[in-house]
Amino acid sequence: MIGTARRKLVSSLFVAFCAISVLGALVPLGFVLFFVVAQGIRSVTIDFFLQMPKPVGEPGGGMANAIVGTLMLSGLAAVMAVPIGVISGIYMSEYAGTRLAALVRFAADTLNGVPSIVIGVFAYGVAVLPFRQFSLLAGGFALGVMMIPIIARTTEELLLLVPGAMREGALALGATRARAVFSVVLPAALPGIVTGIVLALARIAGETAPLLFTSFNNRFFNTDPRQPTAALTVQIYNYAIAPYDDWHRQAWAGALVLVTIVLVCSLLARLATRRLERMHAR
Amino acid sequence: MTLRSRDLGFRAGTGVFALALLLIVCAIGFELVRQSLDSIQRFGLAFWRTELWDPVAGEFGALPFIWGTLYSSVVALMIATPIALGIAVFVSELCPAALRQPLVFLTELLAAIPSIVYGLWGIFVLVPAIRSVEVATPEALRQLPLFSGPPLGVGMLSAAVILAIMVIPFTSSVSREVLKSVPAAQREGAYALGATRFEAIRAALYYARTGIVGAVMLGFGRALGETMAVTMVIGNNPKVSMSLFAPQYTMAAVIANEFTEAADPLYLSALVEIGLVLFIITLLVNSLSRLLIWSMARSGIAAMTAEPPARVAAA
């Protein structure tokens, strides 16, 4: 039975290949995280968070302005994206069968797949060019556009998970549709939706491409929405491609801060979803 | 009566926001066309056949960028697809149940790391490593057009490797979902006929082929539009070349690099046209990919009507 032996061998080789391919994901992940921590940890100091960038050649300084910039940009994006995203999510789940819902679902998936650099070009056209000014507002707009489809789709999916009996119960008691949604269905799904929003925030806080020509950059502290503003990611980019060792160190520190934010958000979201899934399973 | 009219109000009120989402997508298309009209009228289709990119002389041809984008994405897929499918099969069919959740979490973490961090890692870790591989390439191989040119490190190979790493989590997580929708009876039938593990899984992969092609295309769509990491390692040289060692350029990278420098309106318009085409290509690739995954999921759902809803059961 040479045939059987060969088939078994092929099968074992295949299983081995699959097991090894897992390393194809874990090894790069390990390498990236290792270098970010190893290189970044030396430069993440109190100064990094509290100081402004120093002129070229002067060692030290930090990214205080960029960190505040990233917070403001993400905040602006959320202010724009959360209402549009959550309410269109409600529409897609409440009127799931309608043609508009299908169209909006398609639009959301399309928008989700649009390369971030193209979003940047769009935001430049509508939020920079007419005012002839790079601005915090334009950057927040670009990030908001990226955030909307993520929130819309998460909201829709989570609302559809709420048992139909809850909605029907509310309607049977004479509630209007709006009342049923806002007092019964939405609160049931709220923890999940908040988790989704946190994840979306973590993702857009790490975006660089849409900011390059919207919020641009700024060596100084800025809170004026009409002025260009530094962001952590753009600062990392500028420092990484510059020829100064001290800037490279700061870029690694910035990367460590970013990765930490993303990691913490993912872990929290995972814990939250686990609890939610257990709740729904009951 | 009042209840009904209030419900209509609710529908209209939420519908306006949903419509806003739709309008944003239309506005993106409209705005890109409007901004690139100059360049479209001036160069026409020749824009995509011309290799010369000389902003100083006002000559704009986008061939090097479309070439670089397609080449880097295809090479990235050639690296990423076997690995991603291997991971999907391992996680959904082979690994102990206790390992499943952690592995899913770790592969998805790969997707959560920001592009700029990959780029930074690429410049300071990956590029030097690739450079030493290139230096170590035997002279005989270096004669081939595929490996010609000086060993710089920055170039097509670095870009493809970093893209592959970034694409793996997308392809593997969709393939995993697709494999999950293959009915258990399919596998049990194969085992009952005396199939080995490989043969049973091959049958499942064949059953799921539509969805898996969709998953690979989804990865392709991601690779086409990826900007920062590629910009930082590909070398940014607008030259069409077969060589994996040669520094080249992509559509996304040229926009990222040159947009703020483009003082001349025609220059800006040419860059926006590149963005427009990138928008159209990714739109087509993503739509096709979703169509494939969706048709697979639907046939899968039809086949497992007897089972409880997958999502809740999984918890």
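Residues numbered from 1 in each chain as written. Chains lettered and ligands numbered in written order. Predicted model: local features only at pLDDT ≥ 70, side-chain atom pairs only at ≥ 80, totals over all residues.

Participant: Account for the overall build of chain B, naming residues and giving values.
Facilitator: Scanning chain B for helices and strands turns up 13 helices and 2 strands. Each principal axis of the C-alpha atoms in chain B carries an extent, and together these give about 70 × 70 × 30 Å. Counting over 315 residues, chain B shows a buried share of 48%. Once local pairs closer than 6 in sequence are excluded, the contacts in chain B between residues at least 24 apart make up 77%. (Helix = DSSP H or I, 4+ residues; strand = E, 2+ residues; numbered from the N terminus. Buried ≥ 20, exposed ≤ 12 C-beta atoms within 10 Å, placed from the backbone. Contact = placed C-beta atoms within 7 Å.)

Participant: Talk me through the overall build of chain A; I want residue IDs and the actual numbers.
Facilitator: Counting secondary structure elements, chain A contains 10 helices and 0 strands. In sequence order, the secondary structure elements of chain A are arranged as α-α-α-α-α-α-α-α-α-α. For a compact globule of 282 residues, the expected C-alpha radius of gyration is about 19 Å, and chain A comes in at 23 Å, more than 25% above that figure. In terms of its C-alpha atoms, chain A occupies a principal-axis envelope of roughly 70 × 70 × 35 Å. Evaluated residue by residue, chain A yields a buried proportion of 48% over its 282 residues. (Rg over C-alpha atoms; globule rule 2.2 N^0.38 Å.)

Participant: Describe in detail the interface of chain B and chain A, supporting the description with residues and values.
Facilitator: Each partner contributes to the interface: chain B provides 69 residues, whereas chain A provides 74 residues. Of the residues assigned to the side of chain B that touches chain A, the class counts are 48 nonpolar, 15 polar and 6 charged. (Nonpolar A, V, L, I, M, F, W, Y, C, P; charged D, E, K, R; others polar.)

Participant: How would you summarise the packing of helix α3 (residues 64–94) of chain A against helix α4 (residues 99–113) of chain A if you had to cite specific residues and measurements?
Facilitator: Residue and element names in this part refer to chain A. Where α3 meets α4, the closest approach of the two axes is 9 Å, and the angle between their N-to-C directions is 135 degrees. The orientation of α3 with respect to α4, classified from their angle, is oblique. For the crossing formed where α3 meets α4, the hand is left-handed. Packed against α3, whose contacting residues are Ser88, Tyr91 and Met92, the element α4 presents Ala101, Val104 and Arg105 at the interface. Grouping the amino acids of the contact of α3 with α4 by side-chain chemistry returns 4 nonpolar, 1 polar and 1 charged. (Axes fitted to C-alpha atoms, helices over the stretch in contact; angles between N-to-C directions. Parallel < 35°, antiparallel > 145°, perpendicular 65-115°, else oblique. Left-handed = near helix turned anticlockwise from the far one by under 90°.)

Participant: Residue-level account of helix α8 (residues 177–205) of chain A, with values.
Facilitator: Two residues of an α-helix separated by three or four positions point the same way, owing to the 3.6 residues in each turn. The end-to-end C-alpha separation of α8 of chain A is 35 Å, well short of the 42 Å expected for 29 residues at 1.5 Å each. The largest bend in α8 of chain A amounts to roughly 55 degrees and is located at leucine 190 of chain A, with the proline proline 191 of chain A lying one to four residues further along. (Expected span 1.5 Å × (residues − 1). Bend = angle between axes of the 7 residues up to and from the residue.)

Participant: So what's going on with the nonpolar core? Residues and values would help.
Facilitator: In terms of nonpolar packing, the biggest core is built from 184 residues, with Met147 of chain A together with Val117, Ile162 and Val233 of chain B touching the most fellow members. In terms of residues, this core owes the most to one element, helix α6 (residues 156–180) of chain B, which gives 16 residues. Ignoring any residue separated from it by four or fewer positions in sequence, one finds methionine 147 of chain A in contact with Ala77, Ala78, Ala81, Gly85, Ala200 and Ile204 of chain A. (Core = buried A, V, L, I, M, F, W, Y, C linked by C-beta atoms within 7 Å.)

Participant: Which residues make up the confidence of the model for chain A, and what are the values?
Facilitator: Atomic detail in the predicted coordinates should be set aside for any region of low pLDDT. Looking at chain A as a whole, the pLDDT averages 90, with 98% of positions reaching at least 70. Of all helices and strands in chain A, the one with the weakest mean pLDDT is helix α10 (residues 245–281) of chain A (85), whereas helix α5 (residues 116–128) of chain A scores best (95). (pLDDT = per-residue confidence, 0-100.)

Participant: How would you summarise α5 of chain A if you had to cite specific residues and measurements?
Facilitator: The element α5 of chain A is extensively covered by neighbouring structure, given that 12 of its 13 residues are classed as buried. Along α5 of chain A, the residues classified as buried are Ser116, Ile117, Val118, Ile119, Gly120, Val121, Phe122, Ala123, Tyr124, Gly125, Ala127 and Val128 of chain A.

Participant: So what about the environment of alanine 64 of chain A? Which residues, and what values?
Facilitator: Residue and element names in this part refer to chain A. Relative to the helices and strands, alanine 64 is located in helix α3. Along the sequence, alanine 64 and aspartate 47 sit 17 residues apart, while their C-alpha atoms lie 8.4 Å from each other. When neighbours within four sequence positions are excluded, alanine 64 is seen to be in contact with Phe49, Leu50, Gln51 and Met52.

Participant: Just give me the short version of the packing of helix α4 (residues 115–136) of chain B against α6 of chain B, but keep the residues and values in it.
Facilitator: All names here are of chain B. Packing of α4 against α6 brings their axes to within 10 Å, and their N-to-C directions diverge by 130 degrees. If you check the angle between α4 and α6, you find them oblique. In this structure, the crossing between α4 and α6 has a hand that is right-handed. On the side of α4, the interface is formed by Tyr118, Gly122, Leu126, Val127 and Ile130, while α6 contributes Leu157, Ser158, Val161, Ile162 and Met166.

Participant: Lay out the confidence of the model for chain B with the relevant residues and their values.
Facilitator: All names here are of chain B. Confidence along chain B averages 89 in pLDDT terms, with 94% of residues attaining 70 or more. In the model, residues 302–315 has pLDDT below 50 throughout and makes 10 contacts with residues more than four positions away in sequence or in other chains. Predicted complex metrics record ipTM = 0.92 and pTM = 0.91.

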